Amino acid sequence: MPRQQMAPSHGLLREVAAKIFPDRFDFAGWQPQVADPAICAALLSPLGTLNLWETTCRQHLARVAEGHPVRQFTASTAMRPITQRLNATEQAAFVAAYDTALATAYPLAPDGHVLFPFRRLFFTLTRPE
C-alpha cells in the first residue's frame, strides 16, 4: 500500500491548497489513509502470522513537457481531490504554486528527471487452518 501521505509530494498538496484557498481547505483533522505500520501490525497480528515491511523505492520520473515530474505523478491520484474543487483559473494558480514548492523539495537533475522516493507498506498474513 502506498504510504506517501506524509512525504513532501503529498504534504505540499495540502499545504499549498490551505495557503491559497484557506476558506475551502482545512486539513486540521486530516489523518493518513494508510495507518502506521505499528497500528497495522496490532490490527492484523491477532488474525494469523504476519510479515510486514515498509520500503522506499526510488522511482525515475522523466522530464515532462510542462511542470514538475512529481506533479505529473500525483496529478491523477493525490492531487485530484483538490483540483476537482477548483475552477480552471484556481487550478492554474494551485498548479503553479505546487510546481514551485516541488522544485525545492525535489530538485531536478540536469536532464530534468527526478529520482523520486516513494514509500510503500507490504504485508502477508497467513491465517491458521
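Here the structure is shown first, and the text comes after it.
Quantities reported herein were computed from a predicted structural model and do not represent experimental measurements.

Enquirer: Please explain the side chain of Gln4 as it appears in this structure.
Expert: Considering the arrangement of structural elements, one finds Gln4 in the segment before helix H1 (8–20). A polar atom in the side chain of Gln4 sits 2.8 Å from the backbone nitrogen of Arg119.

Enquirer: Hey, could you run me through the environment of Gln4 in this one?
Expert: Relative accessible area serves as the criterion here: at 2%, Gln4 is assigned to the buried category. Not counting chain neighbours up to four residues away, the residues in contact with Gln4 comprise Ser9, His10, Tyr106, Phe116, Pro117, Phe118 and Arg119. Of note is the side chain of Gln4, whose polar atom sits 3.2 Å from the side chain of Ser9. Looking at Gln4, its side chain comes within polar contact range of the main-chain oxygen of Pro117, at 3.0 Å.

Enquirer: Before we go on, may I ask you to explain helix H2 (residues 37–44) in this structure?
Expert: Because the α-helix completes a turn every 3.6 residues, residues three or four places apart line up on one side. By the burial criterion, the buried members of H2 are Pro37, Cys40 and Leu44. Seen along its axis, H2 keeps its buried residues to an arc of 60°; they face one direction. Exposed residues on H2 whose side chains face more than 90 degrees from its buried face are Ala38, Ala42 and Leu43. For H2, the secondary structure elements touched by its buried residues are strand S1 (49–61) and strand S2 (114–126). The N-terminus of H2 is capped by Asp36, whose side-chain oxygen sits 2.9 Å from the backbone nitrogen of Ala38.

Parameters at a glance
- Residues numbered from 1 in each chain as written.
- Predicted model: local features only at pLDDT ≥ 70, side-chain atom pairs only at ≥ 80, totals over all residues.
- Heavy atoms only, no water.
- Helix = DSSP H or I, 4+ residues; strand = E, 2+ residues; numbered from the N terminus.
- Polar contact = N/O pair within 3.5 Å; in protein donor to acceptor, adjacent residues only side chain to side chain.
- Buried < 20%, exposed > 50% of the residue type's maximum accessible area, 1.4 Å probe, protein only.
- Contact = heavy atoms within 4.5 Å.
- Arc of directions from axis to C-beta.

These figures come from the coordinates and say nothing about function on their own.
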